[in-house]
Every structure is written in structure tokens, then in C-alpha cells.
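Okay, here's what each chain looks like letter by letter:
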Amino acid sequence: MKKLKKISKVISTSLALSLVLAACSDKEEGSSSKNTGGDKDEKVTIVYARGKDDTQGTTAMVEAFEKKYPNIDVKFKEMPADTGKQHDAYVTAFNANSDEIDVIDLDVIWPAEFAQAGFLMPLDRFMEKDGVNPEDYNQGAISASKFKGKQWALPKFIDAGMLFYRTDLVDEGSVPKTWDELLAKAKETKGQGGTQFGYLMQAKQYEGLVCNAVEFIASYGGQIIDENGEVKVDSPEAIKGISKLVEVVNSDVVPQNITTFAEPESHTAFINGQAGLIRNWPYQFALANDEKQSKIVGKVGVAPLPAGDKGSAAALGGWMAGINKNTKHPEEAWKFLSFMAGKEGQKIDAIKGGHAPTILSLYEDQEILDANPYYKDEGFVKALEAAVSRPVAPNYPEISDIIQVQISQAVAKKITPEQAAKNMQKEISEKLVK
Ligand code: GLC
């Protein structure tokens, strides 16, 4: 893992406003949704499912799409924000062969599992027909969306864990570079400028905790599973990472109930001005500069996460879009998917939602760079390139559960970090399907 260059910047961006995404009811809004054939002027309604988007990205993308394709209505189905719960809801629906949802967003950790289960429609035929070239995309994201040589989803945006800080509380020159500096800076700024907390992160027992743990572990040079699929978590380096995570979560700079915090709780506290520092994904930047929701507009800087002994490490995340194999509207579903995951949709989502594009040429787009000035920084690009993947396995949810439980037990001090590492080593080795 490379040590990342500092990419702190004072950025003041005011984003255009649009309507906040309203979750539609599950009831049919029009009578036309099941009618594809026949009358060309008839409207087709497709159902698009994803977790709640607290930024304005999704609403703006859907509006632009409906304007461009007046004969296709997109009905939004809001899924649980927690990626694990969202996963389970799709598995239940698709196992029952439901055709209620046409297009879904997939977390970067799901495509292999969903493809193997036969939930998705391969996209290769559509891509060929419309000349969509996978080489235009970030290759890591493309390979995560392929399985057995077929393309099952197209990447919409990339996530990598970053440190966001309040520029009115933390000088550019004193942005913490190590976990110890972070604890000191959080202590120093706690209570200043109306804050109640020093630092926010995601410590609830769910997938986000796995991402936070991967970052701590990797920043000390540890791994959970190595490149060859060997379980390597019972190592002095991983134990150091887990110990530092336990220390931060149990410190008095984070909210006392931090083990109930996922992304929504942490980003809400941050945009309400309750803390000077937060670990989150790139969308945090647009959200913190959203005049409709945020009390800290124009006061947000971005930097790599603090380093352990080994350097700074970001977990790799991100979302893709795929089509339900049972959809009654494959053509319309593809039109919408390829719009969202194509240049037009990704540009809107980057500007309004701060979501980092997967199409490489968009990092040269001036409007995107104006909205997200830190995308220009070498450190950001390197953070994306060096981001650490979570273990790759067709039964990833089982592996994730083991990590979630053991890290939570260590955080609650029911077991030591050494014991957590030993337990994970044993249980993951037993469960891992290669
Ligand atoms: C973000 C990431 C996703 C990750 C999730 C964890 O949505 O993009 O990959 O699993 O956070 O909460």
C-alpha cells in the first residue's frame, strides 16, 4: 500500500438546488406500466430500486432521463439504506422470481453472487448494440461487475473512504495524518464552533464497520484475505489495526452511541455542524455543501484517512446498476441503466451528488471538477487506485457477518483484538468458498 500524499484543500462550492428525492409509494401510479408493446406513444413505467440517496444526485439523474425519454417513467422504490439489509431484500424478491423491480443498484460486493444466483440479465448484448466500451471505465470497477466472462452490471460510481474536516476548525496545515494525530485533533476541536463531538465514523454492526475495519487493518499493513485467497487476519499487523479501531471507538471524541452510527447517522451529525472530522465516502462533500440541508456549506476540506505504521488506506466501495432477469421491460430498463452509468448520468451524479465517476474521461470535465475540486488532486486519484478491496468470495455475506461480529465484540471489549483476529482466522478459513 502506498503512502498517500496530503490532499487537503479549502473548498467552497455551492451546488444548484433541486428537489429532494421523494420515495414513491409501492402502488402503481399509472395504468401503463405493464404495456410495452403495441402503441409506440404509450408510456412505459419502470421501477428503479436503490437505497435512499440523501444527495440530490439520483433525483437529478431521473429527471434528466425522463426529459430525454418522455415515454419512459421511472418509479423509485426506496430500499433500506443499510447495504446488508438491502441485499437481503433483493435476495428475497429475486428468489421469488418477482418482476416488480426492473433496475437495481448493486453494491460492489454483490455482482458475482447475484450473477451466480441467476438474478440478473447479462448486459453484453445491449452494450455491443449501443457501442458501450468497458475500456472507458475504471478497470477495477469493471472487473467487479463481471463474472464468468459476462457483464452483469455497469459501474455508476466509485467509493473510497476519506477524511472530511471542517476548514473553520482545522487548518490546512494541521490536518491529522496519523490515527494518533486524529485523536489529538478531535480532542482539541471537540466543543469548538458549536461541535459536540470530535470525530465521526461508522461503528454499527453492519457492512460499513467492515469497511472501517479494513481501513484500520490495512493502515498497519494487515490484510484479512490476501491476493491468493489465503486468510491472513491473525497477524500482528491486523491486530494493531483492530486495536487502534477499538481505541478510537472507545475514546471520548466520538459520540457515546457511535456503535449505532452508519453512514446516515454520521453524515447527518456532520452536516448539522456537530463534529469537526468525519470518515466517509466522497458523497459527503456534495452533501456538506448542499445549502438545503447543510449548516457547514463552504467549510469542508478533504484529505486521505489517517495513517497507521504502514500508511493511509481507503476501503474500496461503489455501486453499479443491473437489470432484473424477470423484467418485462428489458429495453427500457437498459436505456435507463445505460443513461445512469453512462457519461450523462454520471456527470449529473458527480455534480449534484458528489459521487466519484467510474468513466475515466469525466475526471477532465471542468464542471465536475468545479463541483468537486479535490478530484484534481493526485492524492485523490491515488486513493482510488490504491483502495483496498474487501474479501472476494461468492459467499461474501457470510464472511462479512463473521468480521462484523468479531469486530463488534472487540469494540465492546468482550474479547481482545488478539482473540478477534484468531476467531476471524478460524471462522473465515472454515467458511470461505473460493
Ligand atoms: C458505501 C459503499 C459500499 C459499502 C457501503 C457500506 O455505500 O459504496 O461499497 O458496502 O458503503 O456501508
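Predicted model only: the values in this text are computed from it and were never measured.

Engineer: Mind showing me how you'd approach the overall build of the chain here?
Structural biologist: Within the chain, the secondary structure is distributed over 16 helices and twelve strands. Taking 434 residues into account, the globule formula puts the C-alpha radius of gyration at 22 Å, and the chain, at 21 Å, falls close to it. The buried share of the chain, taken over its 434 residues, is 58%. By element, 49% of the accessible surface of the chain is carried by carbon and sulfur atoms, the whole surface being about 17,400 Å². Across the chain, the centroid of the 51 positively charged side chains sits 2 Å from that of the 62 negatively charged ones.

Engineer: I keep staring at the packing of aromatic side chains and nothing clicks. Help me out?
Structural biologist: Where two aromatic rings form a pair, the distance of their centres and the angle of their planes describe that pair. One pass over the structure, following the stated rule, counts 18 aromatic pairs. Ring centres of tryptophan 110 and tryptophan 319 lie 5.4 Å apart, and the angle between their planes is 80 degrees; on these two criteria the pair is classed as edge-to-face. Taken together, the residues span a long stretch of sequence, with tryptophan 110 in the loop between strand S3 (103-107) and helix H3 (111-116) and tryptophan 319 in strand S11 (residues 316-323) at a distance of 209 residues. Ring centres of phenylalanine 126 and tryptophan 334 lie 5.2 Å apart, and the angle between their planes is 10 degrees; on these two criteria the pair is classed as stacked. Of this pair, phenylalanine 126 sits in helix H4 (residues 124-130) while tryptophan 334 sits in helix H11 (residues 330-341), and the two are 208 residues apart along the sequence.

Engineer: Can you walk me through the confidence of the model for the chain in this structure?
Structural biologist: Atom-level detail of predicted coordinates should not be read off regions where pLDDT is low. Confidence in the prediction of the chain, expressed as mean pLDDT, is 90, and 91% of residues score 70 or more. For residues 1-38, every residue scores under 50 in pLDDT, and the model assigns this stretch 101 contacts once sequence neighbours within four places are set aside.

Engineer: In this structure, what is going on with helix H1 (residues 57-68)? I would like to understand it.
Structural biologist: Helix length check: H1, at twelve residues, gives a terminal C-alpha distance of 17 Å against a target of 16 Å (1.5 Å per residue), a fit within 8%. For H1, every residue scored as buried is listed here: Gly57, Thr58, Thr59, Ala60, Met61, Val62 and Phe65. Close packing links the buried residues of H1 with strand S1 (44-51), strand S2 (72-79), strand S6 (154-160), H11 and helix H12 (343-353).

Engineer: How should the domain arrangement of the chain be read in this particular structure?
Structural biologist: Bring the parts together and some accessible area is lost; that lost area is often taken as the interface size. What the domain assignment lists for the chain is domain 1 (2-159 + 317-388) and domain 2 (160-315 + 390-433). Distance between the C-alpha centres of domain 1 and domain 2: 25 Å. Taken together, the contacts link 46 residues of domain 1 with 43 residues of domain 2. Both sides together, the interface formed by domain 1 and domain 2 hides about 3,500 Å², and carbon and sulfur atoms give 62% of it. Where domain 1 meets domain 2, there are one salt bridge. Note that lysine 204 and aspartate 82 form a salt bridge whose closest N and O atoms lie 3.9 Å from each other. Those elements that provide at least two residues to the side of domain 1 that touches domain 2 are helix H2 (83-95), H3, S6, H12 and helix H14 (378-386). A breakdown of the residues in the side of domain 1 that touches domain 2 according to their chemical character gives 20 nonpolar, 15 polar and eleven charged.

Engineer: When you look at the pattern of salt bridges in this model, what are you seeing that I'm missing?
Structural biologist: Charged atoms that come close allow side chains of opposite charge to pair. Enumeration according to the criterion identifies 24 salt bridges in this entry. For lysine 85, the salt bridge is made with aspartate 82, and the minimal N-O distance between the two is 4.0 Å. A cluster of three or more residues bridged by salt bridges with shared partners is formed by Arg50, Asp105 and Lys156.

Engineer: Explanation requested: the nonpolar core in the structure shown.
Structural biologist: For soluble globular proteins, nonpolar side chains are generally found buried alongside one another. Tyr199 and Ile428 are the most contacted members of the largest nonpolar core, which totals 137 residues. The contacts of isoleucine 428, once residues within four sequence positions are left out, are Ile224, Ile225, Val231, Ile399, Ile402 and Ile403.

Engineer: Sorry if this is basic, but what is going on with the site of the ligand here?
Structural biologist: Of all residues adjacent to the ligand, which total 13 residues, the nearest are Asp107, Asp159, Glu263, Gly318 and Arg390. One of the side-chain nitrogen or oxygen atoms of aspartate 107 is found 2.5 Å away from an oxygen atom of the ligand. The contact in question runs from an oxygen atom of the ligand to an N or O atom on the side chain of tryptophan 281, over 3.1 Å. Isolated, the ligand exposes 310 Å² of accessible area, and the fraction of that covered by the protein chains is 93%. In terms of residue count, the dominant contributor to the shell around the ligand is S11 (three residues). Its residues assigned to classes, the shell around the ligand comprises four nonpolar, four polar and five charged.

Quick notes on the rules
Residues numbered from 1 in each chain as written. Predicted model: local features only at pLDDT ≥ 70, side-chain atom pairs only at ≥ 80, totals over all residues. Heavy atoms only, no water. Helix = DSSP H or I, 4+ residues; strand = E, 2+ residues; numbered from the N terminus. Rg over C-alpha atoms; globule rule 2.2 N^0.38 Å. Buried < 20%, exposed > 50% of the residue type's maximum accessible area, 1.4 Å probe, protein only. Areas by Shrake-Rupley, 256 points an atom, 1.4 Å probe, with all protein chains shown as cover. Lys, Arg positive; Asp, Glu negative; His and termini not counted. Charge placed at Lys NZ, Arg CZ, Asp CG, Glu CD. Phe/Tyr/Trp six-rings, centres within 6.5 Å; stacked < 30°, edge-to-face > 60°. pLDDT = per-residue confidence, 0-100. Contact = heavy atoms within 4.5 Å. Expected span 1.5 Å × (residues − 1). Domains from an automatic or database assignment. Buried area = accessible area lost by both parts, 1.4 Å probe. Salt bridge = Lys/Arg side-chain N within 4 Å of Asp/Glu carboxyl O. Nonpolar A, V, L, I, M, F, W, Y, C, P; charged D, E, K, R; others polar. Core = buried A, V, L, I, M, F, W, Y, C linked by side-chain atoms within 4.5 Å. Near = heavy atom within 4 Å. Polar contact = N/O pair within 3.5 Å; in protein donor to acceptor, adjacent residues only side chain to side chain.

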